[in-house]
Amino acid sequence: MTSLRQHMIEDMQVRNLSLCTQNAYVSQVRLFALYFNESPELLGPEQIRAYQVYLTNEKRLAIASISVAMSAIRFLYRITLKKNWPSADIIPAPKVPRKLPIILSPEEVVQFLDCVRSKKHRAILTACYGAGLRISEAVALTLPAIDSKRMVLRIEQGKGKKDRYGMLSPKLLEILRDWWRVERPTHWLFPGDRPGGHITPRAVGLECRYARRICKISKPITPHSLRHAFAVHLLENGTDVRTIQLLLGHRSLATTAKYLRIATSKVCSTSSPLDLLPRPVSMEVKPTPPQPF
């Protein structure tokens, strides 16, 4: 199992998968092997199907979690063990429900950020909203990434190992400068507890959860909610979808286009036929007259 594990890690490294993906895949394959108490080399399609049923019916995992497990097992058998199975049939990907994000209004964004306790976390979460950053991108900002001459942020090796430039608004620049004056970091803009490293997304997520309880907004709020709000608020203010796609770093325009179904400027721009009726609908209910038989 140790040599198989190392072989799989090397296969992922050759394909330049992120360290996060590598760790997730190795962990999922380990759980798969532990469930049967056998090396994956000795297991086959029947065991894979039984494991899927176990994750779905007994563990009752979320679809996203099952999808990660199946992706890891698919990589192991297709790439590392070089099995010629029809993977779509043997290791099918579960159908993921398409859900639209719940969007904070501009007033709710201000209300939430006002409840973030520390300047560091508030600056990070404000950057998520002000530039549409993923939390992993915000915590990894460096001082050279802030280009105040061109008013852009350089996001290095974001999702999909891609560099891109994001907007740097004057207000966000001033907030980042205020934070710099507090701690005067030298490389990472938001240093973590460990020397030489930046703050972790998990630490920001915990602070986000606490701030949400304080602000008493009923909507779910995560750091990614601020990125969603960035996109929708830009769209509602007239920014075209292609520009938003570039700012968010989406590979496909279809991914960005989902915000068209959320923006009030698109959804609510047409009058409802209810408002066009010749007279208002009354909520007064008249008593039903007695029937002759």
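In this text the structure is predicted, and so the values were computed from the model without any measurement. (Residues numbered from 1 in each chain as written. Predicted model: local features only at pLDDT ≥ 70, side-chain atom pairs only at ≥ 80, totals over all residues. Heavy atoms only, no water.)

Participant: Would you explain helix α12 (residues 241-248) in this entry?
Facilitator: Along an α-helix, residues three or four positions apart point the same way, because every turn accommodates 3.6 residues. Listed in full, the buried residues belonging to α12 are Val241, Ile244, Gln245, Leu247 and Leu248. One side of α12 carries all its buried residues, which in axial view fall inside an arc of 165°. Looking at the buried residues of α12, the elements they touch are α7 (119-131), β3 (162-167), α11 (223-236) and α13 (253-257). Once α12 ends, the next one or two residues include Gly249, with phi positive near 80°. (Buried < 20%, exposed > 50% of the residue type's maximum accessible area, 1.4 Å probe, protein only. Helix = DSSP H or I, 4+ residues; strand = E, 2+ residues; numbered from the N terminus. Arc of directions from axis to C-beta. Contact = heavy atoms within 4.5 Å.)

Participant: Whenever I open this one, the side chain of Arg74 confuses me. Can you help?
Facilitator: By the element assignment, Arg74 lies in helix α4 (residues 63-80). Classification of Arg74 as buried rests on a relative accessible area of 15%.

Participant: Looking at this model, I keep getting lost on the environment of Phe75. Mind explaining?
Facilitator: Checked against the element boundaries, Phe75 lands in helix α4. With a relative accessible area of 10%, Phe75 lands in the buried category. In this structure the C-alpha to C-alpha distance between Phe75 and Ser282, which are 207 residues apart in sequence, comes to 61 Å. Setting aside residues up to four positions removed in sequence, Phe75 forms contacts with Met8, Asp11, Met12, Arg15, Leu17, Tyr25 and Thr80.

Participant: I tried to follow the pairing of β3 on my own but got confused; where do I start?
Facilitator: On any regular strand, side chains alternate: one points to one face of the sheet, the next to the other face. Relative to β3, strand β2 (residues 152-158) runs antiparallel, the two sharing 5 bridges. Each bridged residue has a counterpart across the sheet, and for Leu153 the counterpart in β3 is Gly166. Adjacent in sequence and paired antiparallel, β2 and β3 are bridged by 3 residues, among which Gly160 carries a positive phi angle near 80°. (Pairing = 2+ DSSP bridges.)

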